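# Structural description and commentary
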Amino acid sequence: MRVIHVISGISRSSGGPARSSQGLVAALNAAGVEAWLVSCAVGERPWLPGVTRFRAPERPGLWALRAFFRALFGELRPDLVHLHGIWQPQIHLAACAARALGIPYIIAPRGMLEPWSLEQGKWKKRLALALYQRRDLRGAVALHATAETEAEQFRALGFGQKIVVSPNGVTVPERLPRRVANKAGERRALFVSRIHRKKGLLELVEAWDRIRPEGWKMEIVGTDADGYQREVEAAVRAKGLQDDFVFTGPLMDEDKWQAYTRADLFVLPTHSENFGIVVAEALYAGVPVITTRGTPWRELETHRCGRWIDFGVVSLAAALREMMALPDGARQAMGERGQALVQSRYAWPAIGQAMAKAYARLLA
C-alpha cells in the first residue's frame, strides 16, 4: 500500500501537526506501509527519524505547486492521499490533483473545524467554504479525527462520510533525562506550546495573580506567535508577577524534555485543541496536567493524572490552588499514572498499525 501525506509545512516552530505528521509517517513505514511525506514549503527537510520517503517542491508559488502535485501523484500513483489541515490553498491544490487523477483522499482538519477555530476570521472561512473547502471536505473518502470529540464536531457540521478516529502519538526520547530537583522549597509549573492567543495565557496570568502561590515559578516555553508574548509579559508586569514568571523561549527536543523533568505541574489553559500533543508529552515525563475541556483529555480525570476543567480564570485558579496544595508524593503518583496511560495508548507503533488497518478498510 502506498500513501502520500501532504502538509503545508513542517517547520519546527509551526506547532503540533508538523511533529505528529512525521511521527505518523514513520510509524506507518514501520508497519509496512509505503508512506511518503510531502511538504508544500520549498527547501524543507524532515527532522524526525523514520521519515525515509520525502518530497518538497523546488520552486515557490501556487502555480508551480499545482504542477508539482500533478506530476508527483502521476509518478507515484498512490493508493491514497492523506491531507493534513484545511483552509490553506496548498492543501486545496493537493485535493484537486487527487480528484483529477481519481485518487481517493482523507482529510485531517487538525482542529480547524473546532468551534473556537471557526470563529477566528469567520468571514474569510465562510468564503473559503463556499469557494472550495466544502467541496474538498465532501470529496474526501474519510475524515481523520484525533479524538471522539473532534469526530462529533464533524457530524454536527453535517459531514456524513466515514471518520477514522486515531490519536496522535508521542515521539519520545530513547531515555528521559534524569529528574532535576529545583531549588530548596521551590516548585515549578510549566507551559509548553506556541505563545498564541488561543492558548489562554492571559487567563493564566490572571488566575496566578488570584492565588499568588508561595514557592512556585511558572515557566513559559514556546515560540511567540504574532507578538502575543508582549501582551502576556505586559500583563505579568501589570500584576507585579515578574519574579514568578520565566519566559524561556522555544526549546529543541533535548532541552524541552529537560524542562518537562524539571516540572512539578503542567498547565495548558487553552481555548481549543483537537489533541494537545504537549499534554501527552508532559504525562509521559511523569508530570500531572491541568488543561481545559477545549481539549479531548477527559482521561486526566478517569485515570486520575490531572484536572480537566472549564475554560476560564475561576476554574483555572481553583485547579491550580488544589494541585499546588497536594503533597509532592501525591503529584508524583498522578504523574506515574499519566505515564502509564501514555505508554499504553499513545505509542506510535500501535497507532501506525491501527491506521494501516483503517486505510485497508477504506480501500476495500
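Read on for an overview of the structure. Everything numeric in this text was worked out from a predicted model, so none of it was measured. (Residues numbered from 1 in each chain as written. Predicted model: local features only at pLDDT ≥ 70, side-chain atom pairs only at ≥ 80, totals over all residues. Heavy atoms only, no water.)

### As for the overall build of the protein chain
The line we're drawing: Numbering of helices and strands runs from the N terminus, with a helix taken as a DSSP run of H or I at least four residues long and a strand as a DSSP run of E at least two residues long. C-alpha atoms define the radius of gyration in this analysis, and the globule rule sets the expected value at 2.2 Å times the number of residues to the power 0.38. Buried means the residue's accessible area, taken with a 1.4 Å probe over protein chains only, is under 20% of the maximum for its type, while exposed means over 50%, and partly exposed covers the values in between. In what follows, a contact means two residues having at least one pair of non-hydrogen atoms within 4.5 Å. With residues, only the protein chains shown are counted as cover, and all accessible areas are computed by Shrake-Rupley using a 1.4 Å probe. Charge counting follows a simple rule: Lys and Arg are positive, Asp and Glu are negative, and His as well as the terminal groups are ignored. A single reference atom marks each charge: NZ on Lys, CZ on Arg, CG on Asp, CD on Glu.
Within the protein chain, the regular secondary structure consists of 14 helices and 13 strands. A compact globule built from 364 residues should have a C-alpha radius of gyration of about 21 Å, and the protein chain, at 21 Å, falls within 12% of that. Expressed as lengths along the three principal axes of its C-alpha atoms, the size of the protein chain is roughly 65 × 40 × 40 Å. Counting the 364 residues in the protein chain, one finds 54% classified as buried. If you take every contact in the protein chain between residues at least 6 apart in sequence, the share linking residues at least 24 apart comes to 69%. With the model as given, the accessible surface of the protein chain reaches about 16000 Å², and the carbon-plus-sulfur share is 50%. Computed over 49 positive and 36 negative side-chain charges, the separation of the two mean positions in the protein chain equals 6 Å.

### Concerning the pairing of strand β6 (residues 142-145)
Within a regular beta strand, the side chains point alternately toward one face of the sheet and then the other, so they alternate between its two faces. For the record, the criterion: Note on pairing: DSSP must find at least two bridges between two strands before they are called paired. By definition, the crossover connecting two strands over a helix is right-handed if that path, from the first strand to the second, turns clockwise as seen with the strands pointing away from the viewer.
Because side chains alternate across β6, one face comprises the buried residues Ala142 and His144, and the other comprises Leu143 and Ala145, equally buried. Here strand β5 (residues 105-108) pairs with β6 via two bridges, running parallel. Each bridged residue has a counterpart across the sheet, and for isoleucine 107 the counterpart in β6 is leucine 143. Pairing geometry for β6 and strand β7 (residues 162-165), over four bridges, is parallel. In the strand pairing of β7, alanine 145 is matched with valine 165. Once the chain exits β6 it traverses helix α6 (residues 148-156) before rejoining the sheet at β7, and the crossover so formed is right-handed.

### Here we look at unusual backbone geometry
The phi dihedral of arginine 77 falls on the positive side, at around 45°, and the residue is not glycine. Tracing the chain through its elements places arginine 77 in the loop between α2 (62-76) and β4 (80-84). The exposure class of arginine 77 is partly exposed, given its relative accessible area of 49%. Here arginine 304, not a glycine, exhibits a phi torsion of approximately 55°, which is positive. Of the residues examined, arginine 304 reaches a relative accessible area of 52% and is grouped as exposed.

### Some points on helix α1 (residues 16-30)
Rules: Multiply 1.5 Å by the residue count of a helix minus one, and that product is the helix's expected span.
Its 15 residues give α1 an end-to-end C-alpha distance of 21 Å, which sits within 8% of 21 Å, the value for a rise of 1.5 Å per residue. For α1, a buried count of 12 out of 15 residues is recorded, marking the element as mostly surrounded by other parts of the structure. Among the residues making up α1, those that are buried are Ala18, Arg19, Ser20, Ser21, Gln22, Gly23, Leu24, Val25, Ala26, Ala27, Leu28 and Asn29. Backbone geometry just downstream of α1 places glycine 32 in the positive-phi region, at approximately 100°.

### Notes on the packing of aromatic side chains
Counted only if it meets this: A pair of Phe, Tyr and Trp rings is counted when the ring centres sit within 6.5 Å of each other, with Trp represented by its six-membered ring. The angle between the planes then sorts it: under 30 degrees is stacked, over 60 is edge-to-face, the rest tilted. Here, a charge over a ring means that NZ of Lys or CZ of Arg falls within 6 Å of the ring centre while also lying within 35 degrees of the ring normal.
Using the criterion set out here, one finds nine aromatic pairs in the structure. With 5.6 Å between their ring centres and 70° between their planes, tryptophan 208 and phenylalanine 245 make a pair best called edge-to-face. On the criterion of sequence distance, the pair formed by tryptophan 208 in helix α7 (residues 201-211) and phenylalanine 245 in strand β10 (residues 245-249) is long-range, its members being 37 residues apart. Judged on exposure class, the residue tryptophan 208 and its partner phenylalanine 245 are both buried. On the numbers, 6.0 Å between centres and 80° between planes, the contact of tryptophan 257 with tyrosine 284 is edge-to-face. Within this pair, whereas tryptophan 257 is found in helix α9 (residues 253-262), its partner tyrosine 284 is found in helix α10 (residues 277-284), the two being separated by 27 residues in sequence. Tyrosine 284 shares its class with tryptophan 257; the two are buried. Seen from the ring of tryptophan 63, arginine 66 lies directly overhead, with NZ or CZ sitting 5.3 Å from the centre. The residue whose ring lies beneath arginine 126 is tryptophan 123, and the NZ or CZ to ring-centre distance is 4.5 Å.

### Things to note about the sheet that holds β6
Let me state the cut-off plainly: Here an angle of 0 to 180 degrees is reported between the N-to-C directions of two axes, which are lines fitted to C-alpha atoms, with helices fitted over the stretch in contact.
On the basis of which strands lie adjacent, the open sheet formed by seven strands has the order β3-β2-β1-β4-β5-β6-β7 and parallel pairing. Strands at the two margins of the open sheet, each flanked by one partner only, are β3 (54-55) and β7. Direction of pairing for strand β2 (residues 34-39) relative to β3: parallel, over a ladder of two bridges. Opposite leucine 37, over in β3, you have phenylalanine 54 as the bridge partner. Taken strand by strand, α1 contacts β1 (2-7), β2, β4 and β6, and its axis lies near 160° from that of β2. On top of the sheet, α2 reaches β1, β2, β3 and β4; it is set at about 165° to β1, its chief contact.

### Quick word on the sheet that holds strand β12 (residues 289-292)
Strand order in the open sheet made by the six strands is β10-β9-β8-β11-β12-β13, with parallel pairing throughout. Each edge of the sheet is formed by a strand with only one pairing partner; in this case those strands are β10 and β13 (306-309). The average angle at which neighbouring strand axes cross in this sheet is 20°, direction not considered. Bridging between strand β9 (residues 216-221) and β10 involves four bridges; their strand directions are parallel. Bridge pairing in β10 links glutamate 219 to valine 246. Packed on one face of the sheet, α9 meets β8 (187-192), β9 and β11 (265-268) and runs near 140° to β8. Strands β8, β9, β11, β12 and β13 of the sheet are contacted by helix α12 (residues 313-325), whose axis makes an angle of about 170° with β13.

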